[in-house]
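The primary structure of each chain is shown beneath.
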Amino acid sequence: MRSFVRHRLPPEVGVAIEPELDELGTRASGPLWDFQRADRLNEPRLTSFDAWGNRIDHIELTPLWREAERLAVHHGLTAHPQERQYGSWSRVHQFLLVHLFHPVTDVYTCPLAMTDGAARTLLAAGNPALIDKAVPRLTSRDPARFWTSGQWMTEASGGSDVGLSRTRAECRDGVWHLHGKKWFTSAATSQMALTLARPEGNGPGGTGLALFYLETRDADGQLNGIRVERLKDKLGTRKVPTAELTLDGTVAQLVAGTTHGTRSIEPMLRVTRTWNSVCAASFLRHGLGLAEDYAARRVAFGAALAAQPLHRATLDDVDAESAGAFLLAFLLVELLGRDEGGELDASEAALLRLLTPIAKATTGKQAAAGASELIEAFGGAGYVEDTGIPVLLRDSQVLPIWEGTTNVLSLDLLLRADLDLGLVALRQRIVQACSSVTDAELRLSAAASLAAIDHAIGWHRTTGDPAARQRGARQFTLTLGRALELALLVEHAGALAGTEDGHAARQACRRYRRLGADLLRD
Ligand SMILES: Cc1cc2nc3c(=O)[nH]c(=O)nc-3n(C[C@H](O)[C@H](O)[C@H](O)COP(=O)(O)OP(=O)(O)OC[C@H]3O[C@@H](n4cnc5c(N)ncnc54)[C@H](O)[C@@H]3O)c2cc1C
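Note that the structure is predicted; figures quoted are calculated from it, not measured.

**Focus: the side chain of threonine 195**
And then number 1: Relative to the assigned elements, threonine 195 resides in strand 6 (residues 192-199).
And then number 2: A polar contact is formed between the side chain of threonine 195 and the backbone oxygen of tryptophan 152, at a distance of 2.7 Å.
And then number 3: Setting aside anything within four residues of it in sequence, one finds threonine 195 in contact with Trp152, Leu178, Lys182, Ala210, Leu211, Phe212 and Leu214.

Set out below in structure tokens:
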């Protein structure tokens, strides 16, 4: 992160934000990490009824989550895109903070991602009444005014295929009421949500759905026709209160017309997938930090693990994956910030659209695989709960699932109307990243990156059979992501040549090349 800040950001921005990064980094690696372990056994609790039998559906959050909200508001984790203090670099500033915050706050980034996404969705829809009501709260730095938002899409009938949604919307006397069940709603304590429902009389599929805005409680604190049926008992993200909800006459407002709800909610997904990518890179870096520390202290067969060639190589491989994931995630962030500043040309805009699912899919898989390796690097201790290590694996495993699974993102990518334009832009970005390389070692990596992207583009052009395209979609997507990661590692190592970090960056690049960018099998 430090070398990225110093070499990628305009110097005045880097200098201005480093003290805040230092402050949050110090807190994350000390008091917050201690707090997280002390809070380990706490989980959100649902109380359905009060002592007198009244339905209350109250969810009590964990102490760390309450502190995480306070910190998130203090650091403006959803405010930066609105404040734009550093113009288009504000997104980078925001996500560098997120990168530090995420691994020690028990996935409080889940509600933050949806909150950030909801603000962008309302702004993109251009609904002035909802913008005035909600956006100042979603982006507030005042804890008393701050709201989080849920994103209620998944139903038991379908998560990937939300067009199967069964929630009905009926309009009575000009007021919309929603009826149905939402099967996965994380951040169930949010003050508002964006959700999909089918206005009565509309046809099937995503086009027949509309996007609705709702507030979860009325002015008296009563739930708005919502019952919290239960909290999910999950493998990981156990601090995230993911609920099953019944909507029984929930009052809601249309966000952008009575149809095309899946299209209207796209800005949400663009933002949450960016958060997902940064959180994936962040988990990897956090786990590596811990594993490196352990390797320096743990002695086996007469030497510290860190000094033993095979253990060193194992950690170095994860380090290379982690560095690639970081650079890919932050390229996405950079483009998102410039897009919001209206700075992208048509080719860069196509690259951003393509990169969002690619980065989410690539980094999600890297985080889950890397977390598994990092648990093993602690030996038995990595499997024992009160070390605080196992949670890394459980929580990383959600990253390839929510916000679109790897397969579903890959299939969507192949169906994009602007795929060819995006591929040209992606190739151009790889060429640009590799263009100024003179070092022979880095040139080998540049060539491997170009060979991988050309192989993927060739596969796309020559594979006509629809079933074969579907079977290869995942390898295609991950090859695009990995080819770009390798090119970004080349670029980064080139920029760092001659500095104290230059050698490590060059090593990471070489390791990544050996791990392989091209996953396509002909
Ligand atoms: C902890 C957690 C929190 C969540 N929070 C929320 C939330 O707040 N709001 C929300 O709306 N949702 C939420 N979700 C739901 C999540 O987004 C969905 O689970 C996810 O999108 C997958 O949908 P599904 O569960 O219906 O799986 P399915 O769509 O049934 O998919 C099952 C498997 O089939 C694969 N698959 C599906 N279609 C195809 C195809 N055509 N070809 C090849 N493979 C295919 C998928 O990749 C997947 O591996 C949450 C999930 C989890 C685990």
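**Focus: the site of the ligand**
And then number 1: Around the ligand, the surrounding shell holds 21 residues, and the nearest of these are Gln151, Thr154, Gly159, Ser160 and Thr405.
And then number 2: Between the ligand and methionine 153 there is a distance of 2.9 Å, counted from an oxygen atom to a backbone nitrogen or oxygen.
And then number 3: In the environment of the ligand, an oxygen atom lies 2.8 Å from a nitrogen or oxygen atom belonging to the backbone of serine 186.
And then number 4: For the shell around the ligand, the secondary-structure elements that each account for two or more residues are strand 3 (149-152), strand 5 (175-185) and helix 13 (406-415).
And then number 5: In terms of residues, the shell around the ligand owes the most to one element, helix 13, which gives three residues.
And then number 6: Here the shell around the ligand is built from residues that sort into eight nonpolar, eleven polar and two charged.

**Thoughts on the pattern of salt bridges**
And then number 1: This structure, assessed with the given rule, holds 41 salt bridges.
And then number 2: Note that arginine 8 and glutamate 491 form a salt bridge whose closest N and O atoms lie 3.9 Å from each other. One end of the pair, arginine 8, is in helix 1 (residues 2-8); the other, glutamate 491, is in helix 16 (residues 466-496), and 483 residues separate them in sequence.
And then number 3: Arginine 8 gets classed as partly exposed once you look at its relative accessible area, which sits at 31%.
And then number 4: Of the residues examined, glutamate 491 reaches a relative accessible area of 21% and is grouped as partly exposed.
And then number 5: Salt bridges sharing partners connect three or more residues here, namely Glu292, Arg312, Asp316, Asp317 and Arg511.

**What about the nonpolar core?**
And then number 1: By size, the foremost hydrophobic cluster in this structure holds 153 residues, and its most contacted members are Leu96, Leu122 and Phe330.
And then number 2: Leaving out residues up to four positions away in the same chain, leucine 96 has contacts with Met1, Phe4, Val5, Leu9, Ile17, Leu21, Phe326 and Phe330.

**Structural notes on unusual backbone geometry**
And then number 1: Its identity as a non-glycine residue notwithstanding, arginine 84 has a phi of 50°, on the positive side.
And then number 2: Looking at the element boundaries, arginine 84 is found in the loop between helix 4 (80-83) and helix 5 (90-101).
And then number 3: The backbone of aspartate 106 shows a phi angle near 50°, a positive value even though the residue is not glycine.
And then number 4: One can find aspartate 106 in the loop between helix 5 and helix 6 (109-125).
And then number 5: The class of aspartate 106 is buried, set by a relative accessible area of 5%.

How each quantity is defined
Residues numbered from 1 in each chain as written. Predicted model: local features only at pLDDT ≥ 70, side-chain atom pairs only at ≥ 80, totals over all residues. Heavy atoms only, no water. Helix = DSSP H or I, 4+ residues; strand = E, 2+ residues; numbered from the N terminus. Polar contact = N/O pair within 3.5 Å; in protein donor to acceptor, adjacent residues only side chain to side chain. Contact = heavy atoms within 4.5 Å. Near = heavy atom within 4 Å. Nonpolar A, V, L, I, M, F, W, Y, C, P; charged D, E, K, R; others polar. Salt bridge = Lys/Arg side-chain N within 4 Å of Asp/Glu carboxyl O. Buried < 20%, exposed > 50% of the residue type's maximum accessible area, 1.4 Å probe, protein only. Core = buried A, V, L, I, M, F, W, Y, C linked by side-chain atoms within 4.5 Å.

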